[in-house]
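# What the coordinates show
For reference, the chains in residue letters:
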Amino acid sequence: MAVESLRFQTIEALKNSSKGQLKYYKDWAEKGEDPLAGCNVSPSLSPQSEIILKRLSSRVSRQNLSLPSPTRDASPAQSEASLGFHAVPQSLESPASPTTEPPQKEDDKNNAPEPNVDFSPVPASSPPPTISLLSPKATQMAGFIRMCEENQRAQAKAQLNLRQELQVRMMAAVASRESEQLKRYEELMELKQRQEHQSMMDMIEKETQESLGRQEKLKEEQQKRIKILNLRMREAEQQRLREAELERQRQADGRERLRTLNAIQEEVLQLNQLLEPATSTQTAPTTDHASYITRGNQLCSQVSEVVRATGDFPSMEDMSVVERALQEMRSLVRALQEEKAQAEERRKKEQMEEEERRKQAEMQAQQEAQKKSAALSKAKAKKQGLQTNADDCTMKFYKDLQDASNQCAQFIEDINNTKDMQTKKLRMELQKAATIPVSQISSTSGSKLREVFDKLDKLLSGRPLVSGGRSISVSQHPQALNYVSYKLAEKFVKQGEEEVASHHEAAFPIAVVASGIWELHPKVGELFLAHLHKKCPYSVPYYPAMKEGTLLEDYQRKLGYRVDAAGVEAQDSFLKRMSGMIRLYAAIIQLRWPHGNKQVPHPHSLNHAWRWLAQMLNMEPLAEVTATLLFDFLEVIFNHFRIWIIRTLVL
């Protein structure tokens, strides 16, 4: 216990000591200040130390004089204490106050007025220590003490730095540990939040799936109900539509039967009219004919009664009754027509026999008249020299051609004047197919002649021909062949009137194609001559005479002139057209299709050229016309070089 009490007393004494009362601040290390910096600084004197030392030295000297000297038996502690309080190193003495200085001066200095400076000492409980000079041993001891203090300060500083380092390391470790713990805590909290969020999302997802499942079930049930309702509505609608369709069909059938019944009644009435005798042929019906009329009237009455009884919707029985009546009426009409046809045949046969007898008589009379006229014409020619008309044989040939052309024109009136759209389209297609290939023939179209010829031949032969993206044939209409032949012959003459008149060399390729078509289809050649003689009567040759009562314009048309509202065409234009047609006629006479049958004679050979030339020379010449036509005709006939060119082009 005594040791423990001494320990505590020692600690208390150390605490109350001057060093124990020193204050240490924790922020010295943070601010970078050294707590022992003041202890390590070497001691130095202030600039005013000289004045202080002078005053202290004067006071010490006065005290030493007044105080007794220390006894020898003084304790070493007291002497050491006195040394400790009064020892002043020699270096503190001012060099400016040597001991050799006279005392008077020193007294004067001491007596000199001091500067007005406040050097009041710090209040202390004890009187101010006296300053005394230490001995070398005391100075050495004081140095050792100072060195020991310095060592203690260095050790304390080292320990303090070590403790500071340990404290810093500990604080860093604690901070890192706390930061790691904070991170772990944050991670744990984040994990808990994620887990809570995930659990909440799982719960929401589960509830969503359950709600979706319920919605799907409700939707399926709703769809099933809708399907059932739609099925029922569809069945009801179909039933209604079937009933409406049946009713509509029944009404449509009834209306159709009613129309058929009306048509049958109309046909029966028309057939009954056919049973009536014609007023122009027979005034009173015969016994057989009267029976047909009576039976026809009975059938008409029967059909009328059925129509009145049926109303708007006749039945099938009514239809069968009227159909039987119609069949019987048709049979009556057929039988009556057969009887009429037989009677008509007998009448025609009798008329033909009578006509034959009349024609024979007329022919005999005509022959006699021709013989007389020939004899008269020969006698007249001997007396007068030149003729005004061609011979009778030529004129007869001319008239026969015109009659054939007029007859063909009458045949095609059905096509020209038709109102049927299909027939109109067919007419246009046939006209294009016949005229367009001829328009493509020119003086430089030698390689196309075979193609043009094949198209025309195929069309006239009745084979199908593609024209304008449509297949056409002359077999599509009874008068289609006559129409095509008429238009083709007319087109050939028009080409001579226009193309050959402007380009004389074009006569040869056109003549080659025309000659080949004439050879295979003679009717086209006859119609060509008829059109040529009508537009150019000098190709017969024939000079129409002006009869009494004939208008001048009509007479000029017969001569070949064009007459319109502007008047008669000019003479140059007239001669140009006549020249083109005569050139084409001369070219046709001397040329033939090179790919045709050589064994078959030319359809219009050179003897016709000699005949035309002889008759033209024997007739009375016309001003400008005769000379022009003879020149053009002879130029074409005797120009062998051009013939060779056209053959080269064709071959």
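Keep in mind that this is a model prediction, so the values were computed, not measured. (Residues numbered from 1 in each chain as written. Predicted model: local features only at pLDDT ≥ 70, side-chain atom pairs only at ≥ 80, totals over all residues. Heavy atoms only, no water.)

Once that is clear, we can look at the packing of helix H12 (residues 421-439) against helix H13 (residues 449-460). Contact geometry of H12 with H13 gives a least axis separation of 9 Å together with a crossing angle of 155°. As summarised for this structure, H12 and H13 are arranged roughly antiparallel, according to the angle between their axes. The chirality of how H12 crosses H13 is left-handed. Where H12 abuts H13, its residues Leu430, Ala433, Ala434, Pro437 and Val438 lie against Val452, Lys455, Leu456 and Leu459. Partitioned by chemical class, the residues of the contact of H12 with H13 number 8 nonpolar, no polar and 1 charged. (Axes fitted to C-alpha atoms, helices over the stretch in contact; angles between N-to-C directions. Helix = DSSP H or I, 4+ residues; strand = E, 2+ residues; numbered from the N terminus. Parallel < 35°, antiparallel > 145°, perpendicular 65-115°, else oblique. Left-handed = near helix turned anticlockwise from the far one by under 90°. Contact = heavy atoms within 4.5 Å. Nonpolar A, V, L, I, M, F, W, Y, C, P; charged D, E, K, R; others polar.)

Along its 13 residues, helix H20 (residues 625-637) runs 18 Å from first to last C-alpha, staying within 8% of the 18 Å computed at 1.5 Å per residue. All of the buried residues along H20 are Val625, Thr626, Leu629, Leu630, Asp632, Phe633, Val636 and Ile637. Looking down the long axis of H20, one finds its buried residues gathered within 165° of arc, a one-sided arrangement. Away from its buried face, by an angle of more than 90 degrees, H20 presents the exposed residues Ala627 and Phe631. (Expected span 1.5 Å × (residues − 1). Buried < 20%, exposed > 50% of the residue type's maximum accessible area, 1.4 Å probe, protein only. Arc of directions from axis to C-beta.)

Where nonpolar side chains cluster on the molecular surface, the patch consists of Met141, Phe144, Ile145 and Met147 and spans about 410 Å² of accessible area. Checked against the element boundaries, isoleucine 145 lands in helix H7 (residues 136-275). Residue isoleucine 145 is classed as partly exposed on the basis of its relative accessible area, which comes to 44%. (Patch = residues over 30% accessible without salt bridge, like charges linked within 9 Å, V, L, I, M, F, W, Y side chains within 5 Å. Areas by Shrake-Rupley, 256 points an atom, 1.4 Å probe, with all protein chains shown as cover. Salt bridge = Lys/Arg side-chain N within 4 Å of Asp/Glu carboxyl O.)

Inspection of every chain in the model, using the stated rule, returns 28 salt bridges. As a salt-bridge pair, glutamate 267 and arginine 330 come within 2.8 Å of each other at their nearest N and O atoms. Taken as a pair, glutamate 267 in helix H7 and arginine 330 in helix H9 (residues 316-384) lie far apart in primary sequence, 63 residues in all. Taking the relative accessible area as the measure of exposure, glutamate 267 reaches 26% and is therefore partly exposed. Two residues, glutamate 328 and arginine 295, come together in a salt bridge whose shortest N-O distance is 2.5 Å. Residue glutamate 328 is found in helix H9, and its partner arginine 295 is found in helix H8 (residues 287-310); the two are separated by 33 residues along the sequence. Under the relative-accessibility criterion, glutamate 328 is labelled partly exposed at 29%. Judged by its relative accessible area of 29%, arginine 295 is partly exposed. The network of salt bridges with common partners includes Glu497, Lys535, Arg562, Glu569 and Arg577.

Below, the discussion takes up unusual backbone geometry. Of note, the bond from valine 540 into proline 541 is cis; its omega dihedral lies within 30 degrees of zero at -5°. Its place among the elements puts proline 541 in the loop between helix H16 (522-535) and helix H17 (552-559). The phi dihedral of glutamate 624 falls on the positive side, at around 70°, and the residue is not glycine. Following the sequence through the fold, glutamate 624 ends up in the loop between helix H19 (606-618) and H20.

A low pLDDT score tells you not to read the predicted coordinates there in detail. Mean pLDDT over the protein stands at 76; residues scoring 70 or higher make up 73%. Per-element confidence in the protein ranges from a low mean pLDDT of 38 for strand E1 (residues 87-88) to a high of 92 for H16. Predicted confidence is poor over residues 67-126, with pLDDT under 50, and the contacts of this stretch with residues over four places away or in other chains come to 36 contacts. Here residues 279-285 scores under 50 on pLDDT; set against residues more than four positions off or in separate chains, the count is 5 contacts. (pLDDT = per-residue confidence, 0-100.)

We now examine the packing of aromatic side chains. Per the counting criterion, the structure on display carries 7 aromatic pairs. Look at phenylalanine 453 and tryptophan 593: their rings are 4.2 Å apart centre to centre, the planes differ by 15°, and that puts the pair in the stacked class. With phenylalanine 453 in helix H13 and tryptophan 593 in the loop between helix H18 (571-590) and H19, this pair connects stretches of sequence that are 140 residues apart. Both residues of the pair, phenylalanine 453 and tryptophan 593, belong to the buried class. Pairing tyrosine 538 with phenylalanine 574 gives two aromatic rings, centres 6.3 Å apart and planes at 75°, and the pair type is edge-to-face. (Phe/Tyr/Trp six-rings, centres within 6.5 Å; stacked < 30°, edge-to-face > 60°.)

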